[in-house]
Amino acid sequence: MRLILGSGSPRRKEILAGLGIIPDAVIAADIDETPQKGELPRPYCERVTRAKLDAIASDPDDIVLVADTTVALGRRILGKPENAAQAAEYLLKLSGRRHNVITALAVRRGAQHWARTQVTAVKMKRLSDVELNDYLASGEWQGKAGGYAIQGRGGAFIPWIQGSFTGVMGLPAMETAQILRAAGLRWDT
Ligand SMILES: Cc1cn([C@H]2C[C@H](O)[C@@H](COP(=O)(O)OP(=O)(O)OP(=O)(O)O)O2)c(=O)[nH]c1=O
């Protein structure tokens with residue numbers, strides 16, 4: 001039995017390591033993350049997660065873990081910005097408001113599947129022009145859903161969350177431990 005982390009996100013690997021879990025293999029799933037027309041954030045996040053799982057090949061006794069993190073502003077999906085202009089657009093939308101960060105998890109072992117979705121409400125303070133421009137210049141927005149990282153410089157913009165900090169970072173620790181245990185993974189705690 002091997003544990004395969006089907007994610008290229010360094011944060012996910014780090015959060016797993018924090019739980020005491022070191023995957024035997026790390027493979028990024030290369031899938032199309034374009035939302036469908038009219039698709040809502042939660043079903044989108046769950047569909048993309050399932051697509052990531054389907055894209056990872058494994059042996060029957062292997063455990064495969066994948067996840068997707070999506071920022072939801074009402075019915076709007078904010079994924080990873082393609083460039084600084086899109087990051088600016090996302091951050092201006094999030095500035096001074098509450099949004100949800102959705103992380104869907106999926107696990108496969110042979111023919112069995114498990115899935116969990118964790119939602120965290122996040123408030124972002126109103127950003128000044130200087131804060132926005134400095135943040136864009138830092139480049140931290142790259143590869144982050146919604147264009148910010150709560151675990152980094154972006155943490156200075158977040159006065160309040162309700163839910164899971166690790167969920168916002170990309171892998172909710174409690175739900176991940178539960179789902180992996182359900183799939184039969186055992187590790188030293
Ligand atoms: C909101 C937020 C997101 N993120 C990150 C977590 C995810 O890595 C990323 C969302 O992109 P994802 O598509 O979920 O993941 P990924 O492209 O990094 O990796 P893979 O698809 O291979 O699993 O945004 C943070 O690191 N901090 C935050 O505060």
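Conventions and cut-offs
- Residues numbered from 1 in each chain as written.
- Predicted model: local features only at pLDDT ≥ 70, side-chain atom pairs only at ≥ 80, totals over all residues.
- Heavy atoms only, no water.
- UniProt positions renumbered as here; feature names shortened; annotations may be inferred.
- 1 Å grid on protein atoms, 1.4 Å probe; cavity = no way out; pocket = protein on both sides within 12 Å on 5 of 7 lines; lining within 4 Å.
- Helix = DSSP H or I, 4+ residues; strand = E, 2+ residues; numbered from the N terminus.
- Buried < 20%, exposed > 50% of the residue type's maximum accessible area, 1.4 Å probe, protein only.
- Contact = heavy atoms within 4.5 Å.
- Polar contact = N/O pair within 3.5 Å; in protein donor to acceptor, adjacent residues only side chain to side chain.
- Axes fitted to C-alpha atoms, helices over the stretch in contact; angles between N-to-C directions.
- Parallel < 35°, antiparallel > 145°, perpendicular 65-115°, else oblique.
- Left-handed = near helix turned anticlockwise from the far one by under 90°.
- Pairing = 2+ DSSP bridges.
- Salt bridge = Lys/Arg side-chain N within 4 Å of Asp/Glu carboxyl O.

A.B. asks: Even after reading the chapter, I still don't get the UniProt feature "site: Important for substrate specificity" (unreviewed entry) in the protein, so can you show me in this structure?
C.D. replies: According to UniProt, the "site: Important for substrate specificity" (unreviewed entry) feature falls on R11, T69 and Q151. For this annotated set, covering 141 residues, all C-alpha atoms fall within 14.3 Å of each other, a compact arrangement in space. For the largest pocket, the lining residues drawn from the annotated set are R11, T69 and Q151. Among the secondary structure elements, T69 is positioned in strand β3 (residues 63–73). Judged by relative accessible area, T69 falls into the buried class, the value being 16%.

A.B. asks: How do you make sense of the UniProt feature "active site" (unreviewed entry) in the protein when you look at a structure like this?
C.D. replies: What UniProt calls "active site" (unreviewed entry) maps, in this numbering, to D68. Position of D68 among the secondary structure elements: in strand β3. You can call D68 buried: its relative accessible area is 3%. If we skip the residues at most four places from it in the chain, D68 touches R12, E33, Y44, C45, V48, T49, K52, I102, T103 and A104. Here K52 takes part through its side chain, which lies 3.0 Å from a polar atom of the side chain of D68.

A.B. asks: Honestly, the packing of helix α3 (residues 84–94) against helix α4 (residues 129–138) in this entry has me stumped. Any pointers?
C.D. replies: Each pair of packed helices can be described by the angle between their axes along with the distance between the axes. Taken N-terminus to C-terminus, the directions of α3 and α4 make an angle of 140 degrees; their axes are 10 Å apart at the nearest point. It follows from the interaxial angle that α3 and α4 lie oblique. The crossing of α3 and α4 is right-handed. Contacts between α3 and α4 involve A84, A87, A88, L91 and L92 from the former and L132, Y135 and L136 from the latter.

A.B. asks: I would appreciate a short explanation of the pairing of β3 in the present structure.
C.D. replies: Working note: regular strand, side chains alternate between the two faces of the sheet. Counting buried positions over the 11 residues of β3 gives 11, a clear majority of the element. Side chains of β3 alternate between two faces, with I63, L65, A67, T69, V71 and L73 and V64, V66, D68, T70 and A72 buried alike. Across three bridges, strand β1 (residues 3–5) lies against β3 in parallel orientation. The residue of β3 that forms the bridge with L3 is I63.

A.B. asks: Help me understand the pattern of salt bridges in this model?
C.D. replies: Once their charged atoms are close, side chains differing in charge can pair, the charge on each being opposite to the other. Applying the stated criterion to the full structure yields 11 salt bridges. Across the pair E39 and R47 runs a salt bridge, and its minimum N-O distance is 2.7 Å. With a relative accessible area of 27%, R47 lands in the partly exposed category. The partner of E46 in a salt bridge is R42, with the nearest N and O atoms 3.0 Å apart. Highlighted residues: E46 and R42, both in helix α2 (residues 41–55), separated by four residues, approximately one helical turn. Looking at E46, the relative accessible area reads 31%, which means it is partly exposed. For R42, a relative accessible area of 40% translates into the label partly exposed.

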